[in-house]
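Here is what each chain is made of, one letter per residue.
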Amino acid sequence: MLSKRIIPCLDVKDGRTVKGVNFIDLKDAGDPVELAWQYAQQGADELVFLDITATHERRKTMIEMVKSVARQLNIPFTIGGGITTVQDADALLNAGADKISINSAAVKNPELIEELARNFGVQFVVVAVDTKLVEGRNMVHLNGGRLITELETENWIRKAESLGAGEILLTSMDHDGTKQGFDCGLLNTITQMINIPVIASGGAGKVEHFIEVFEKTGVDAALAASVFHFGEIPIPDLKQKLKYHNIPVRL
Amino acid sequence: MIGIVNYGAGNIFSLTSALERQHLPFGMVNTEADLDKYTHIIIPGVGHAGAAMKKLQDTGLVEPIKALKKPVLGICVGMQLLTAHSEEGDATMMNIFPLQTRLFNKDQGIKIPHMGWNNIDHKNNSLFEGVENLTQFYFVHSYFIEYNPTFDIATANYGMPFSAAIHKDNFYGVQFHPEKSGIAGEHLLKNFSNLKQ
């Protein structure tokens, strides 16, 4: 049976992981390779690295980081942030990334999804969508929720699927950072609407939230950052509890 | 030493990294003459199976590979190349295994691609020596190889049973990615390198 995936998300700036990380035994919490390896040891099924570097040097630094991670890591990982062209994606693929995640670049240029899928296969293309409820409608947002677009979330996701997205990473900006649980209503609507895997993101605060999102919606994976980084939810405990609730996981 | 068929179908950095972690020496196969340099051959591959077959044909390596008597392992699309035909691009493949590579049927209520960790039920082939049955491996694919009891050495289930691994004489294929499948995947690569000629 296909397992539900647990995915820690790491923010990367200038080739270093940022945000506080609270692991015992971790010599250098800013070293993406060591952190990734630790997560793999804990039983993470996959990792997402989000590049938040703003400088022009970003591309070169990122490629070096991806190579270092690929050398050490024996589970799949996705790279997101600042990918706007087929060339960007090609360099990341050759450096060992399993998937790339595109967000605003896809909104601004939907053909990019099609181009990437044609060049590398749909399995390589994750479309990340940040959504926020505005006057009763789910609207796609950019820039971490600060900039609203004219796209309704459901329509945009349907379009992304038809253009060749292999997976959707859906972050509810209303839930993100609240630790009050995932947006199960919207996630359920989306998973019933499309036929590609969906990663739930935004709102994880405790183990029950993961159980809830897998029991109440058809999502394939759940992503979180701080609850894993600060050791609030150890991945082995989380997986044991999911298993206890008959949710298929990899132990 | 392992030779990796270098025909330009997808990235091989993850594969070479996994081999390095296992301290398994490797080199690249670009020409027919290179095949003689190695004891074991791996055919990697991601992306479009029809396009991959075309690239392999362009290297002139199809017939020399078919004539090999040393262990050969196809991974993912590299495995699909060993079959007779793929629905992806309606392409004629190498026909080492008289099997079909088919598209998953979404009418079965499954999502495509099949992406993530799935259990395999293996039949104690040497390739899986020391790998506990029902261990999960990492899959990511939209096309699959039909289950056939003659060649199947590991079965996975996604909407229906399909072959996660196949074997015939010196030829092996795995649909999952051993280089991304944690410790079990690394173990499988090691087992392959230990297969006798």
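### Some remarks on the sheet that holds strand S1 (residues 2-5) of chain B
Residues and elements named next belong to chain B. Pairing within the open sheet is mixed, and its eight strands lie in the order S2-S1-S3-S4-S14-S13-S12-S9. Strands with a single pairing partner mark the edges of an open sheet, and in this sheet they are strand S2 (26-29) and strand S9 (121-122). In the sheet, S1 pairs with strand S3 (residues 40-43) via three bridges, with the strands oriented parallel. Bridged to Gly-3 within S3 is Ile-41. In the packing of helix H5 (residues 182-194) onto the sheet, contacts are made with S1, S3, strand S4 (72-75) and strand S14 (171-174), and the angle to S3 comes to roughly 140°.

### Quick look at the sheet that holds strand S6 (residues 91-92) of chain B
Residue and element names in this part refer to chain B. Ordered in space as S6-S5-S7-S11, the four strands form an open sheet in which the pairing is mixed. At either end of the open sheet lies a strand with only one pairing partner, and these are S6 and strand S11 (143-145). For strand S5 (residues 85-86) and S6, the ladder comprises two bridges, and the chain directions are antiparallel. Paired with Ser-86 across the strands is Ala-91, a residue of S6.

### Re helix H7 (residues 184-193) of chain A
Residues and elements named next belong to chain A. Turning to H7, its buried residues are Cys-184, Leu-186, Leu-187, Ile-190 and Thr-191. Considered in projection along H7, the buried side chains sweep an arc of 160° and stay on one side of the axis. The inward-facing, buried residues of H7 contact strand S6 (125-134), strand S7 (137-142), helix H6 (153-163), strand S9 (167-172), strand S10 (198-201) and helix H8 (207-216).

### What about the interface of chain B and chain A?
Interfaces are often sized by the amount of accessible area the parts lose when they come together. Taken together, the contacts link 28 residues of chain B with 36 residues of chain A. Of the roughly 2,600 Å² buried at the junction of chain B and chain A (both faces included), carbon and sulfur atoms supply 54%. Sorting the residues of the side of chain B that touches chain A by element identifies helix H1 (13-21), strand S8 (114-119), strand S10 (136-141) and H5 of chain B as the ones contributing at least two each. If you tally residues by element for the side of chain B that touches chain A, the top one is S8 of chain B, at six residues. Of the residues belonging to the side of chain B that touches chain A, the class tally is ten nonpolar, twelve polar and six charged.

### Here we look at empty space enclosed by the protein
Residues and elements named next belong to chain A. Throughout the structure, instances matching the rule amount to one cavity of 30 Å³ or more. Considering only enclosed or pocket space, the largest cavity measures out at about 120 Å³ in volume. Surrounding the largest cavity, Asp-51, Arg-58, Arg-59, Met-62, Ile-63, Ile-79, Gly-81, Gly-82, Ile-83, Asp-88 and Leu-92 form its lining. Counting residues per element, the ones that place at least two in the lining of the largest cavity are helix H2 (58-72) and helix H3 (86-94). Among the elements that take part in the lining of the largest cavity, H2 stands out by supplying four residues, more than any other.

### Brief notes about the pattern of salt bridges
In a structure, side chains of opposite charge can pair up when their charged atoms sit close to one another. Counting across every chain of the model gives 15 salt bridges over all chains. Lys-54 of chain B serves as the salt-bridge partner of Asp-58 of chain B, at 3.2 Å between the closest nitrogen and oxygen. You can see Asp-58 of chain B and its partner Lys-54 of chain B sitting in helix H2 (residues 49-59), four residues apart, about one turn around the helix. We classify Asp-58 of chain B as exposed; its relative accessible area is 56%. Overall, Lys-54 of chain B belongs to the partly exposed group, its relative accessible area being 48%. Salt bridges sharing common partners tie together Arg-5, Glu-46, Lys-99 and Glu-167 of chain A.

### Regarding the pairing of strand S4 (residues 77-80) of chain A
Regular strands show a simple pattern: their side chains alternate between the two faces of the sheet. Residues and elements named next belong to chain A. Side chains Phe-77 and Ile-79 project from S4 onto one buried face, and the interleaved Thr-78 and Gly-80 project onto a second face that is buried too. Bridging between strand S3 (residues 47-51) and S4 involves four bridges; their strand directions are parallel. For Phe-49, the partnering residue across the bridge sits in S4 and is Ile-79. Bridge count for S4 against strand S5 (residues 99-102) is three bridges, and the pairing is parallel. Looking across to S5, one finds that Gly-80 is bridged to Ser-101. You can see the chain leave S4, run along H3 and come back into S5, and the turn it takes is right-handed.

### Here's the deal with the packing of H2 of chain A against H1 of chain B
Between H2 of chain A and H1 of chain B, the least distance of the axes is 7 Å, while the angle of their chain directions is 50°. Taken together, the axes of H2 of chain A and H1 of chain B lie oblique to each other. Across from Lys-67, Ala-70, Arg-71 and Gln-72 of chain A in H2 of chain A, the residues of H1 of chain B making contact are Phe-13, Ser-17 and Arg-21 of chain B. When the residues that make up the contact of H2 of chain A with H1 of chain B are grouped by side-chain class, the tally is two nonpolar, two polar and three charged.

Calculation rules
Residues numbered from 1 in each chain as written. Chains lettered and ligands numbered in written order. Predicted model: local features only at pLDDT ≥ 70, side-chain atom pairs only at ≥ 80, totals over all residues. Heavy atoms only, no water. Pairing = 2+ DSSP bridges. Helix = DSSP H or I, 4+ residues; strand = E, 2+ residues; numbered from the N terminus. Contact = heavy atoms within 4.5 Å. Axes fitted to C-alpha atoms, helices over the stretch in contact; angles between N-to-C directions. Buried < 20%, exposed > 50% of the residue type's maximum accessible area, 1.4 Å probe, protein only. Arc of directions from axis to C-beta. Buried area = accessible area lost by both parts, 1.4 Å probe. Nonpolar A, V, L, I, M, F, W, Y, C, P; charged D, E, K, R; others polar. 1 Å grid on protein atoms, 1.4 Å probe; cavity = no way out; pocket = protein on both sides within 12 Å on 5 of 7 lines; lining within 4 Å. Points joined across faces, edges and corners; volume = space filled by probe spheres on them. Salt bridge = Lys/Arg side-chain N within 4 Å of Asp/Glu carboxyl O. Right-handed = clockwise from strand over helix to strand, strands pointing away. Parallel < 35°, antiparallel > 145°, perpendicular 65-115°, else oblique.

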